[in-house]
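# Coordinates in review
If you want the building blocks of each chain, they are given just below.
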Amino acid sequence: MSGRLRRAYRGMRLGTRLALGLGALSLVVFAVVGTALTTYMRDYLSAQLDTTLAQGQVAQSKSIADYGTLSGKKYYSWYYAVYDVSGGEPVLRRPEDPADVPADVDDFTSLARAQMAASTEVLRTEHLKGKGEYRLRACEVEPGVVLVSAAPMEDIEDTVGQLITIQAVTFGLALLALVVLGRGMLRRGLKPLSDMAHTARGITSHDLTDSGRLPVRHDGRGGGPEVEELRTAFNTMLEHIDDSLVVRAEAEQRLRRFVADASHELRTPLMSVRGYADLFQYAAANAPEERDRHLARLRAEAARMGFLLDDLLLLARLDAAEVETPLRPQEADLVDLVEQAADAFRVTHADHPLTLAPGPGTLTLRLDPQRIRQVLDNLLTNAAMHTPAGTEVSVAVSLTGGAAQIRIADAGPGIPPADRQRVFDRFYRVDKARSRDRGGSGLGLAVAQSLVRAHGGHIDLTSEPGATVFTVTIPLTVGALTKS
């Protein structure tokens, strides 16, 4: 039974449970207040009866002392007993009226004896057989004479009983009103929490696999500072989840695009390798120069595929740089690296005149010289591949604001505004057909940006017709080299 009650209580809504708890607490308060009030009223009425008994006995004692009787000094429903105690034991005098004493006077005699021993007034509450509760008082009328009077307590009990009834009815109605009205007030006060629960259920029912945005927010008001604080924290949590879902969705989209592009890029050289292998097989009996030509094309496609795989592997290692950094930092002269890259560019791209602007004689930094050289080669090759023959290219090294800057500019047609934000994306090409024909994979700028970021720097791009500038910024501080 108790287990079912506990389960039923746990199944109630919070507002109902709080209302019941408030009702139970109020019941305890009402019980304490009612008990205190009833006790006080009973004590007050008893004190009033004691005073009435004392005042009545004063008049009765005078009448007995003067006239030897109680004529005219009796109260309705009271009892009176006069004892002679001169002999050492209380002896009841014959009552003037048999109705003045009850049938059993043992309690009166006991009280008279107690008065003799105490030599002062004695009060006691006794239950007289067949009569009910009475308040007894014994006092000395004169030496050797003791008067015992008894007043009924029926009126006190009736008054206290009525008071208890009134309290029970009043407190019961107040308790019922408190529970009912309190439950309504609590439900209104807890409504913001119910709205938050509804919002949370809306989140659980929303499919997060196709969208990175949560369509729900809790915009209610009211409930007090605590609920406002909880609402703010709740909405902040939703914003955080929303941002995380957006990042996840974008990462998944990039991954799917990356896999699709990588598959496409690898399929092209693989098909070429397979085609040239077939041709090599069919041409096995042909002239040696024919076989050499097919073999050279096989080597070229294999090399192209190797370069692509190397770039993919490097990007993957840079993405997971917190596990193992692909950099091998050491002290190196940045100016010397730029000069080496410029010399190599002049040899491989003689149709693009290159100018090396004057700068510092030496600039020693802690970096990975091989990877920085790769960044320079990629940026210079990008300038040559996307500009017509004869386009001037310039390289400049400078020291600005605690960082080394390498400025690679060309006087080509520029990059369209719609493509400037995506030129560093993997496999992205401004001119896809021409880039593929020239062997580009769309990874050069992505690799360059990732390598510069791994060194704690960044690449900026500005472009307009006749002037496209890539600015590589690398911090001079040793601690700038990062793993991410």
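If you look the protein chain up in an unreviewed UniProt entry, it shows as histidine kinase from Streptomyces coerulescens. On record in UniProt, under Subcellular location (unreviewed entry), the comment for the protein chain is "Cell membrane". UniProt, in the comment section headed Catalytic activity (unreviewed entry), describes the protein chain in these words: "ATP + protein L-histidine = ADP + protein N-phospho-L-histidine."

Along the protein chain, the regular secondary structure elements total twelve helices and twelve strands. Going through the 484 residues of the protein chain one by one, you find that 35% of them count as buried. Sequence separation of 24 or more characterises 65% of the internal contacts of the protein chain that already satisfy a separation of 6 or more. Approximately 27,900 Å² of the protein chain is accessible, and the part contributed by carbon and sulfur atoms is 57%.

Our next topic: the sheet that holds strand β3 (residues 122–128). Taking strand neighbours across the sheet as the criterion, the five strands line up as β2-β1-β5-β4-β3 in an open arrangement whose pairing is antiparallel. Taken across any chain shown, the strands that pair with only one partner, and hence form the sheet edges, are β2 (91–92) and β3. Bridging between β3 and strand β4 (residues 132–142) involves seven bridges; their strand directions are antiparallel. For L123, the partnering residue across the bridge sits in β4 and is R137. The strands that helix α3 (residues 106–118) touches are β1 (79–84), β3, β4 and β5 (145–152); relative to β3, the one it contacts most, it runs at about 165°.

All right, on to the pairing of strand β8 (residues 364–367) then. Residues L365 and L367 line the buried face of β8, whereas the alternating positions T364 and R366 sit on a face that is not buried. The sheet contact formed by strand β6 (residues 330–333) and β8 spans four bridges and is antiparallel. Counterpart to D333 in the pairing with β8 is T364.

Here we take up the nonpolar core. Among the nonpolar cores identified, the biggest contains 45 residues, and L334, L376, L379, L380 and I406 are the most heavily contacted of them. Of all elements in the fold, only α7 (288–319), α8 (334–348), β8, α9 (369–385), β9 (393–400), β10 (403–410), α12 (444–454) and β12 (467–475) reach the threshold of two or more residues within this core. Residues Y83, V105, L136 and V146 belong to the second largest nonpolar core, which totals 17 residues.

What follows concerns the pattern of salt bridges. Summed over the entire model, instances satisfying the criterion amount to eight salt bridges. Salt-bridge contacts for R135 lead to D50; the nearest nitrogen and oxygen are separated by 2.7 Å. Of this pair, R135 sits in strand β4 while D50 sits in helix α2 (residues 14–67), and the two are 85 residues apart along the sequence. In terms of burial, R135 and D50 fall into one category: buried. A salt bridge links K129 to D104; the shortest N-O distance between them is 3.7 Å. Taken together, the positions of K129 in the loop between β3 and β4 and D104 in the loop between β2 and α3 put the pair 25 residues apart, joining distant regions of the chain. Residue K129 is classed as exposed on the basis of its relative accessible area, which comes to 69%. Under the relative-accessibility criterion, D104 is labelled partly exposed at 27%.

Bringing the packing of aromatic side chains into the picture now. Scanning the model with the defined rule gives five aromatic pairs in all. With a centroid separation of 6.4 Å and 20° between ring planes, the pair formed by Y40 and Y44 is classed as stacked. Here Y40 and its partner Y44 are both found in helix α2, four residues apart, which amounts to about one turn of the helix. Taking the relative accessible area as the measure of exposure, Y40 reaches 54% and is therefore exposed. An aromatic cluster of three or more residues is present, and its members are Y75, W78 and Y80.

Let us now look at the packing of α8 against α9. The packing of two helices is summarised by the inter-axis angle and the distance between the axes. Between α8 and α9, the least distance of the axes is 10 Å, while the angle of their chain directions is 40°. Judged by the angle between their axes, α8 and α9 are oblique. The two elements α8 and α9 cross, and the hand of that crossing is right-handed. Residue-level contacts link L334, L337, V338, Q340, A341, A342, A344 and F345 of α8 to P369, I372, R373, L376, D377, L380 and A384 of α9. Residue classes in the contact of α8 with α9 are distributed as twelve nonpolar, one polar and two charged.

Basis of the calculations
- For every chain, the first residue of its written sequence is number 1, and the numbers climb from 1 along that sequence.
- The model is predicted, so local features are restricted to residues of pLDDT at least 70 and side-chain atom pairs to those at 80 or more, both for listing and for counting; the totals for chains, interfaces and linings are taken over all residues.
- Hydrogens and waters are ignored; side-chain quantities use all the structure's heavy atoms.
- UniProt positions are given in the numbering used here, feature names are shortened, and annotations may be inferred rather than shown by experiment.
- Secondary structure elements are defined from DSSP: runs of H or I of at least 4 residues count as helices, runs of E of at least 2 residues count as strands, and each element is numbered from the N terminus.
- Any residue under 20% of the maximum accessible area for its type is buried, any over 50% is exposed, and the rest in between are partly exposed; the area is computed with a 1.4 Å probe on protein chains only.
- Pairs of residues are marked as contacts when any of their non-hydrogen atoms sit within 4.5 Å.
- We get accessible surface area from the Shrake-Rupley algorithm with a probe of 1.4 Å; when it comes to residues, only the shown protein chains can shield them.
- Being paired, for any two strands, means DSSP has found at least two bridges between them.
- Angular values range over 0 to 180 degrees, each being the angle between N-to-C directions of two axes fitted as lines to C-alpha atoms, with helices fitted over their stretch in contact.
- We call a set of buried Ala, Val, Leu, Ile, Met, Phe, Trp, Tyr and Cys residues a nonpolar core when their side-chain atoms join them within 4.5 Å.
- Salt bridges are identified by distance alone: a Lys or Arg side-chain nitrogen within 4 Å of an Asp or Glu carboxyl oxygen.
- Aromatic contacts are taken between Phe, Tyr and Trp rings whose centres are within 6.5 Å, Trp giving its six-membered ring; a plane angle under 30 degrees counts as stacked, one over 60 as edge-to-face, and the others as tilted.
- Angles are sorted into four bins: roughly parallel if under 35 degrees, roughly antiparallel if over 145, roughly perpendicular if 65 to 115, and oblique for all others.
- For a crossing to be left-handed, the near helix must be turned anticlockwise from the far one by less than a right angle; the clockwise case is right-handed.
- Gly is put with the polar residues, along with every residue not named as nonpolar or charged; the nonpolar set is Ala, Val, Leu, Ile, Met, Phe, Trp, Tyr, Cys and Pro, and the charged set is Asp, Glu, Lys and Arg.

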